[in-house]
Amino acid sequence: MEEKNAGKAKEAAPFGRNIFLIGFMGSGKSTIAAALSEAYAVETVEMDSLIAEREGISISEIFDRFGEEYFRGLETNLLKELQAKRNVVVSCGGGTPMREENVAAMKQNGTVVLLTASPDTIYQRVKNSHDRPLLENNKNIPYIAGLMEQRREKYEAAADIVIETDKKDRIAVCKELAQKLLK
Ligand code: S3P
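Note that the coordinates shown come from a computational prediction; the quantities given were computed from them, not determined experimentally.

**Observations regarding the overall build of the chain**
Part 1: Within the chain, the secondary structure is distributed over 9 helices and 5 strands.
Part 2: Secondary structure of the chain in N-to-C order comes out as α-β-α-β-α-α-α-β-α-β-α-α-β-α.
Part 3: Rg of the C-alpha trace for the chain: 16 Å, near the compact-globule value of 16 Å for 183 residues, within the 12% margin.
Part 4: With the C-alpha coordinates aligned to their principal axes, the bounding extent of the chain is approximately 45 × 35 × 30 Å.
Part 5: When burial is assessed residue by residue, the chain has 47% of its 183 residues classed as buried.
Part 6: In the chain, the proportion of contacts linking residues at least 24 apart, taken out of those at least 6 apart, comes to 74%.
Part 7: If you sum the accessible surface of the chain, you get close to 9,200 Å²; carbon and sulfur atoms cover 49% of it.
Part 8: For the chain, the separation between the mean place of its 26 positive charges and that of its 28 negative charges on side chains is 4 Å.

In structure tokens, the structure reads:
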């Protein structure tokens, strides 16, 4: 993406609507949102970062101090706020599509794109990070596979577009996304 755009004005986004990137932790939502904003003139919203910034503490600290439900409430409020936006790429938290009202808020003015990856790929991507409270003491493939399976139905029901990311770099994923959006 940088290669293509080095020193050039960014292209107008080819999608003309909001894009909500959903998927399991480590599925590549933040990476793809960043790549899209490098390539196109779109605003990117990284939900976790914005929530952490507004609360003044990390996501792990929010979970520790106030609990998961409090965090889920912040996610829902932020999504409702984002309904007023146009032409943004939103990188959602991995658990965002678990609430029906969140899915409804995303679908109201956007396209929901599910990024998938195998439990093994996810494990490789998250094994050295420490900013995901749900995985902190569970960084192993069986746990990841179990949680992914529990969530699968809701992820799939929310998705307008599904992109598998195993063994693909971010440019390949962005190209596939652009093709699927233009169909
Ligand atoms: C969560 C995923 C995280 C973050 C929080 C909970 C989840 O976001 O929102 O730790 O429930 O899957 P990422 O998917 O960006 O890691």
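From this point, the narrative continues.
**A few points about the nonpolar core**
Part 1: Grouped together as the largest cluster of nonpolar side chains are 35 residues, with contacts concentrated most on Ile-22, Phe-24, Val-90 and Met-106.
Part 2: Beyond its immediate chain neighbours, meaning those up to four positions away, Val-90 contacts Ile-19, Phe-20, Leu-21, Val-45, Met-47 and Leu-82.
Part 3: Counting residues in each nonpolar core, the second largest holds 20 residues, with Tyr-40, Leu-115, Ile-163 and Ala-178 among its members.

**As for the site of the ligand**
Part 1: The ligand sits among 13 residues. The nearest are Lys-29, Asp-48, Arg-72, Arg-132 and Arg-151.
Part 2: Within the side chain of Arg-72, an N or O atom sits 2.6 Å from an oxygen atom of the ligand.
Part 3: Taking Gly-94, its main chain carries an N or O atom lying 2.9 Å from an oxygen atom of the ligand.
Part 4: Out of a free accessible area of 380 Å², the ligand has 96% covered by protein chains.
Part 5: Along the lines of polarity and charge, the residues of the shell around the ligand split into 5 nonpolar, 3 polar and 5 charged.

**With respect to the pairing of strand 3 (residues 88–91)**
Part 1: Neither face of strand 3 is open: one carries Val-88 and Val-90, the other Val-89 and Ser-91, and all of them are buried.
Part 2: Examined bridge by bridge, strand 1 (residues 18–22) and strand 3 share 3 bridges and lie parallel to one another. Opposite Leu-21, over in strand 3, you have Ser-91 as the bridge partner.
Part 3: Sheet analysis places strand 2 (residues 43–46) next to strand 3, joined by 4 bridges and oriented parallel. Along strand 3, the bridge assignment pairs Thr-44 with Val-89.

**Let's talk about the sheet that holds strand 1**
Part 1: Strand order in the open sheet formed by 5 strands is 2-3-1-4-5, with parallel pairing between adjacent strands. At either margin of the open sheet sits one strand with a lone partner, and together these are strand 2 and strand 5 (161–164). Across the sheet, the mean angle from the axis of one strand to that of its neighbour is 20°, orientation sign disregarded.
Part 2: Running at roughly 160° to strand 3, helix 2 (residues 29–39) makes contact with strand 1, strand 2, strand 3 and strand 4 (110–116) of the sheet.
Part 3: Strands strand 1 and strand 4 of the sheet are contacted by helix 6 (residues 100–108), whose axis makes an angle of about 120° with strand 4.

**Some words on the confidence of the model for the chain**
Part 1: Model confidence for the chain is summarised by a mean pLDDT of 92, while 95% of its residues fall at 70 or above.
Part 2: Residue range residues 1–5 is modelled with pLDDT below 50. Its contacts to residues more than four positions away, or to other chains, number 12 contacts.

Analysis parameters
- Residues numbered from 1 in each chain as written.
- Predicted model: local features only at pLDDT ≥ 70, side-chain atom pairs only at ≥ 80, totals over all residues.
- Heavy atoms only, no water.
- Helix = DSSP H or I, 4+ residues; strand = E, 2+ residues; numbered from the N terminus.
- Rg over C-alpha atoms; globule rule 2.2 N^0.38 Å.
- Buried < 20%, exposed > 50% of the residue type's maximum accessible area, 1.4 Å probe, protein only.
- Contact = heavy atoms within 4.5 Å.
- Areas by Shrake-Rupley, 256 points an atom, 1.4 Å probe, with all protein chains shown as cover.
- Lys, Arg positive; Asp, Glu negative; His and termini not counted.
- Charge placed at Lys NZ, Arg CZ, Asp CG, Glu CD.
- Core = buried A, V, L, I, M, F, W, Y, C linked by side-chain atoms within 4.5 Å.
- Near = heavy atom within 4 Å.
- Polar contact = N/O pair within 3.5 Å; in protein donor to acceptor, adjacent residues only side chain to side chain.
- Nonpolar A, V, L, I, M, F, W, Y, C, P; charged D, E, K, R; others polar.
- Pairing = 2+ DSSP bridges.
- Axes fitted to C-alpha atoms, helices over the stretch in contact; angles between N-to-C directions.
- pLDDT = per-residue confidence, 0-100.

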